[in-house]
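Structural overview for review
Each chain is listed here by its residues.
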Amino acid sequence: MNTDLVIGMAGSGGDGIVSAGESLLTAAALEGYHGVMAKSFGPQIRGGESSFRLRICTQKVLNTGGTLDIAVALNWDDFLKFGGELPVSGNTTVIYDANTNVAPDKIPLVGVTPAEVLMVPIEQIARETGGSDRAKNTVVLGLMAGWLGIGKEKMLAGIRKRLAKKGAETVDKAEKAFHAGLAYALEHPLKRTRTMAEPEKPTAKFVVDGNDLCAAAAIVAGCDFFSGYPITPSSEIMHFLGREIWKYGGTMLQAEDEIAGIGAVVGASFAGKKAMTATSGPGMSLKTEMLGLATIAELPLVCVNVMRGGPSTGIPTKGEQSDLLQAAFSAHGDVIRPVLAAISAEDMFPITIEAFNMAEHYQTPVIVLSDQEVGQRKETAEPIDVSTVKLVERQRPSEKELERYARFRLTESGISPISHPGMKGGNYLASGIEHNEAGAPTANGEIHAKMNEKRLRKFNPLKRRRDLFIVEGSPDAPLALISWGSVAGMAIEAHRILVSEGLKVKLLVPRLLFPVSEEVYQDFFLSIKRGLVVEQNHLSQLYRLLRMYVDVPRGIETLAKSGSNPFTPMEIVDRMRQISLALQRETQHVPSEV
Amino acid sequence: MSTLAVRPIEEYTAKDYKSELKPIWCPGCGDFGVVQAIYRALANIGRPPHEIAFISGIGCSSRIPGYTTAYGFNTVHGRALPIAQGIKLANPDLLVLGAGGDGDGFSIGGGHVAHVIRRNIDMTYIVMDNQIYGLTKGQLSPTSRPGLQTVSSAHGSMESPVNPLLYVLGYGAQFVAQGTPADMNGLAKIIEEGIRFPGFAFINVQSPCVTYGQEDQQLKAQKAMMQTLESMKHDPGNRLAAMDLAQQYGEKLYTGVFYRNPTPGPTFDGLARKRQQAMKDQVKSRADVLNVFKLVK
Ligand SMILES: Cc1ncc(C[n+]2csc(CCOP(=O)(O)OP(=O)(O)O)c2C)c(N)n1
Ligand code: SF4
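The structure displayed is predicted, hence computed values, not measured ones.

Along the backbone of chain A there are 19 helices and 21 strands. Relative to a compact globule of 594 residues, whose C-alpha radius of gyration would be 25 Å, chain A shows 26 Å and is just as compact. Taken over 594 residues, chain A has a buried fraction of 61%. Taking the contacts inside chain A whose residues are at least 6 apart along the sequence as the reference set, 75% of them involve residues at least 24 apart. Total accessible area computed for chain A in this model is approximately 22,600 Å², and 52% of it derives from carbon and sulfur atoms. With 64 positive and 68 negative side-chain charges, chain A shows a spacing of 2 Å between the two charge centroids.

So this is what it looks like as structure tokens:
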């Protein structure tokens with residue numbers, strides 16, 4: 001019995017690879033399993049190679065794991081193009097289509113002997129039962145249902161639902177293809193069993209991806225306006241809101257460029273509405289002037305950056321965590337803009353809600369960092385209970401304050417009640433020009449200093465938000481493991497393995513990246529001698545950012561990789577073991593040579 | 001302008017729209033006349049100042065919202081239109097005005113003009129066209145005449161000017177007019193007409209820069225050369241005739257309404273409202289949005 005399986009499959013564009021993965025994930029989710037599925041495509045607009053990695057677990061899981069337990073190759077050329085994204089090891093069961101005419105001992109995997117290699121006449125079965133090679137993916141689903149022992153009824157129901165429109169004959173053929181795959185699996189049991197154990201709870205989960213969930217969270221948060229410009233891998237946020245937001249009285253505007261997108265959002269916020277935009281790297285660069293405007297005019301807005309490989313067009317279809325420093329410092333002028341990052345697709349819900357609350361409370365743009373993985377991978381999630389969601393509204397001026405209203409009043413908190421057009425008595429001039437309390441433009445140095453101080457001081461309470469950090473492990477542990485965003489899902493799992501091995505390791509995952517909460521890090525580092533910061537970028541951006549604000553112990557190292565080079569939990573575990581050994585050597589008494 | 005905007009609640013006078021801020025403009029700057037004309041137009045319309053949002057970019061001319069009692073927003077260079085659109089879409093009941101210089105509108109912000117026209121957002125956009133960059137002290141602007149010598153074109157401009165009137169007519173603007181503070185009554189009248197037009201209205205104002213502008217662009221010269229389209233018996237319902245007259249931009253000074261679509265098309269803000277109304281019964285509360293993730297419905 002297995003509690004945790006990683007399945008990888010690749011083929012060419014027309015093979016329905018991704019839809020097969022989604023069917024399997026959906027069936028598993030309906031039975032109560034947890035799962036994460038990443039899809040990956042070649043650079044072609046249509047067709048080309050495509051693949052998925054799906055991890056199915058009986059318990060909550062935050063990443064797509066390491067090497068594959070089951071690898072399915074519909075053809076070897078396409079499979080090999082995914083390299084490290086579909087790693088085969090000595091524990092892998094390799095299944096491939098007999099139509100490739102490669103003998104099981106001649107498969108083109110270099111330097112590894114898989115646990116088992118099975119040649120299956122996938123295409124032949126598809127043609128004989130489903131009537132065409134397009135049924136290959138359905139045959140594979142049947143195989144998986146047989147070998148994993150899950151999802152049979154759910155997948156059949158899914159097939160019926162999906163194909164209902166195409167008529168009874170099509171449904172019948174697909175069902176036959178599925179049953180033929182299933183029968184094949186039952187007749188050919190695997191040497192190493194891949195049967196899944198029962199899930200923790202048999203209740204159905206949600207299946208979400210970060211982009212859709214971000215959009216849905218925005219609606220729950222009360223967002224009435226979205227404007228943006230299409231860019232991979234963020235566009236699904238716009239697509240979702242373009243379908244849904246109208247029902248809730250809101251508006252979606254596909255702008256002529258990213259500047260206009262965030263511009264319209266600045267306008268909607270000025271008009272008193274909660275508003276959001278979303279983009280990726282190049283678009284983020286275009287938005288920065290408007291972020292500055294919203295900062296000085298103290299207008300709430302949420303700006304989501306679904307990060308991809310950069311700079312410039314970079315690798316648009318693959319994730320990277322290389323826009324952290326940009327998010328923190330893209331401003332000109334003395335500015336703080338809060339930056340939040342979600343660690344998973346499921347986490348995009350609370351993070352987006354938090355972003356709106358923070359934006360409204362502090363009257364500031366808030367940047368949400370997601371990435372291609374968080375944005376586009378499919379994931380099971382616990383059903384969301386909206387009644388527990390707390391929403392924050394911007395502080396409006398009272399009747400009394402409106403009698404002699406000063407929009408930018410220097411309050412103790414630094415937060416000044418904000419009016420909006422339509423509110424009688426609240427009339428004021430908003431501007432990107434420095435202004436006095438009443439909003440009148442000024443070039444006076446004293447006023448500028450006071451206003452800067454107010455706009456920065458208002459964020460002080462944010463730095464004490466310990467709830468925006470995940471801290472695990474015993475408080476006096478000498479070893480640290482730090483990570484953020486999608487890669488944190490790997491670090492969290494690595495941490496559990498290390499602790500189970502008896503290592504004294506503390507985990508720290510910031511979901512609030514900026515402003516840097518000095519106190520939280522100083523407390524965390526008190527017991528730390530050595531450790532590791534893990535992130536998906538070349539410059540070690542989080543590590544550098546921390547060194548700017550915090551006394552980072554000298555024993556902290558980095559594990560940083562450019563995008564499109566996946567991490568595995570075991571690789572983090574291995575590196576931490578080495579660090580632990582080094583610490584042991586260092587603390588052993590070494591007689592000094594005088 | 002939305003239907004709500006037509007109801008005069010109280011009587012307003014031009015004074016009600018004038019703020020206490022003292023303009024930073026050079027004495028004699030054409031923009032003084034423009035703001036006066038706006039006060040008058042707004043008083044005739046009669047919307048209370050707090051129901052008006054007045055958005056500008058950056059430049060001498062873009063200071064204008066601060067000199068009114070409306071909700072003003074002096075934004076960043078070239079971006080008045082996108083921000084104004086967001087405001088109108090967020091609250092279609094507001095009367096939305098946009099303003100700025102020729103550089104703001106047709107150089108850095110030129111890309112936005114086509115799109116606000118395509119969407120036909122119900123707002124009025126006033127460009128104070130002085131054929132020069134005022135705020136940054138006298139560089140070439142997109143409407144500067146060929147050969148013009150400025151601090152940034154010491155040896156004379158080698159570019160031909162943008163024709164703002166043809167530009168917006170070409171993109172399908174449904175209300176296009178030109179005025180000058182040399183004729184205050186005429187200017188106030190076309191601004192009022194623009195505001196009353198149910199859709200995007202574009203008004204080019206020949207507002208001279210006394211500091212960096214040319215002699216023949218000053219109010220005195222304008223008075224001598226201006227010709228009202230009305231006196232020429234131009235039919236503002238005729239788009240081709242409007243384009244023909246607009247060709248003379250830079251040579252002749254025609255004032256009045258070049259084009260007013262006799263059967264104005266739908267506005268984006270109006271259509272958005274209709275769509276919201278039509279779809280609102282599909283959901284009961286915001287929590288319904290999560291139904292898309294439910295596998296068992
Ligand atoms: C992004 C950006 N670039 C440049 C400037 C500098 N700048 C301010 S106003 C302006 C041009 C002003 O000319 P115009 O828009 O015609 O307005 P005018 O001052 O003549 O009324 C420039 C270049 C700026 N504020 N922002
Ligand atoms: S520089 Fe020209 S445009 Fe600017 S205020 Fe002076 S006269 Fe007016």
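We now examine the domain arrangement of chain A. Where interface size is quoted, it is often the accessible area lost as the parts come together. All names here are of chain A. Split into domains, chain A comes out as domain 1 (4–204), domain 2 (208–388), domain 3 (395–463) and domain 4 (466–588). Taken together, the contact pairs 19 residues of domain 1 with 13 residues of domain 2. The junction of domain 1 with domain 2 conceals about 1,200 Å² of combined surface from both sides, 49% of it contributed by carbon and sulfur atoms. It is Lys39, Lys60 and Leu62 that lose the most area in domain 1 upon contact with domain 2, and together they represent 32% of the buried surface on that side.

Time to look at the site of ligand 1. Residues and elements named next belong to chain B. With respect to spatial proximity, 17 residues lie near ligand 1, and among them Cys60, Ser61, Gly103, Asp104 and Gly134 are the closest. Backbone polar atom of Leu135 to an oxygen atom of ligand 1: 3.0 Å apart, as the coordinates give it. A total of 4 residues in the shell around ligand 1 trace back to one element, the largest contributor, which is helix H3 (residues 102–108). Its residues assigned to classes, the shell around ligand 1 shows 6 nonpolar, 8 polar and 3 charged.

Residue and element names in this part refer to chain B. With domains assigned, chain B is organised as domain 1 (14–263) and domain 2 (266–297). Across the boundary between the two partners, domain 1 contributes 10 residues, which contact 5 residues of domain 2. In total, about 630 Å² of surface goes out of reach between domain 1 and domain 2, with carbon and sulfur atoms giving 57% of it. The interface formed by domain 1 and domain 2 holds 1 salt bridge in total. Across the salt bridge formed by Arg273 and Asp93, the nearest N and O atoms sit 3.0 Å from each other.

Glancing now at the sheet that holds strand E16 (residues 469–472) of chain A. Residues and elements named next belong to chain A. Read from one edge to the other, the open sheet built from 5 strands follows the order E16-E18-E17-E20-E21, with strand pairing classed as mixed. The sheet is open, and its two edges are formed by E16 and strand E21 (556–560), each paired on a single side. When the angles between neighbouring strand axes are averaged without regard to direction, this sheet yields 15°. Bridge analysis of strand E17 (residues 479–483) against strand E18 (residues 505–510) gives 4 bridges, and the strand direction is parallel. Bridged to Leu481 within E18 is Leu507. Along the sheet, helix H16 (residues 488–500) makes contact with E16, E17 and E18, crossing E18 at roughly 165°. The sheet contacts of helix H18 (residues 541–549) involve E17, E18, strand E20 (530–535) and E21, and relative to E20 the element is tilted by about 125°.

Let us look at the interface of chain A and chain B. In this assembly, 66 residues from chain A lie in contact with 51 residues from chain B. Carbon and sulfur atoms make up 71% of the area that chain A and chain B hide from each other, which totals about 4,600 Å². At the junction of chain A with chain B, the criterion picks out 2 salt bridges. Linking Glu256(A) and Arg119(B) is a salt bridge whose minimum nitrogen-to-oxygen distance equals 2.7 Å. Applying the counting criterion to the chain A and chain B interface returns 23 residue pairs in polar contact (both at pLDDT 80 or more). Element by element, the count of residues in the side of chain A that touches chain B is highest for helix H9 (residues 258–270) of chain A, at 8 residues. Looking at side-chain class alone, the side of chain A that touches chain B contains 40 nonpolar, 15 polar and 11 charged residues. Both strand E15 (residues 429–431) of chain A and strand E2 (residues 71–74) of chain B contribute to a ladder of 3 bridges, which runs parallel. Each bridged residue has a counterpart across the sheet, and for Ala430(A) the counterpart in E2(B) is Phe73(B).

Let's shift gears to the sheet that holds strand E4 (residues 124–128) of chain B. What links the strands of a sheet is backbone hydrogen bonding, and the strands pair in either a parallel or an antiparallel sense. With respect to topology, 9 strands assemble into an open sheet ordered E15(A)-E2(B)-E1(B)-E3(B)-E4(B)-E6(B)-E5(B)-E8(B)-E7(B), the strand pairing being mixed. At either margin of the open sheet sits one strand with a lone partner, and together these are E15 of chain A together with strand E7 (226–228) of chain B. Averaged over neighbouring strand pairs, the angle between their axes works out to 20° when direction is ignored. Sheet topology note: the E4(B)/strand E6 (residues 201–205) of chain B ladder contains 5 bridges and is parallel. Within E6(B), the residue paired with Met128(B) across the bridge is Val205(B).

What counts, and where the lines are drawn
- Residues numbered from 1 in each chain as written.
- Chains lettered and ligands numbered in written order.
- Predicted model: local features only at pLDDT ≥ 70, side-chain atom pairs only at ≥ 80, totals over all residues.
- Heavy atoms only, no water.
- Helix = DSSP H or I, 4+ residues; strand = E, 2+ residues; numbered from the N terminus.
- Rg over C-alpha atoms; globule rule 2.2 N^0.38 Å.
- Buried < 20%, exposed > 50% of the residue type's maximum accessible area, 1.4 Å probe, protein only.
- Contact = heavy atoms within 4.5 Å.
- Areas by Shrake-Rupley, 256 points an atom, 1.4 Å probe, with all protein chains shown as cover.
- Lys, Arg positive; Asp, Glu negative; His and termini not counted.
- Charge placed at Lys NZ, Arg CZ, Asp CG, Glu CD.
- Domains from an automatic or database assignment.
- Buried area = accessible area lost by both parts, 1.4 Å probe.
- Near = heavy atom within 4 Å.
- Polar contact = N/O pair within 3.5 Å; in protein donor to acceptor, adjacent residues only side chain to side chain.
- Nonpolar A, V, L, I, M, F, W, Y, C, P; charged D, E, K, R; others polar.
- Salt bridge = Lys/Arg side-chain N within 4 Å of Asp/Glu carboxyl O.
- Pairing = 2+ DSSP bridges.
- Axes fitted to C-alpha atoms, helices over the stretch in contact; angles between N-to-C directions.

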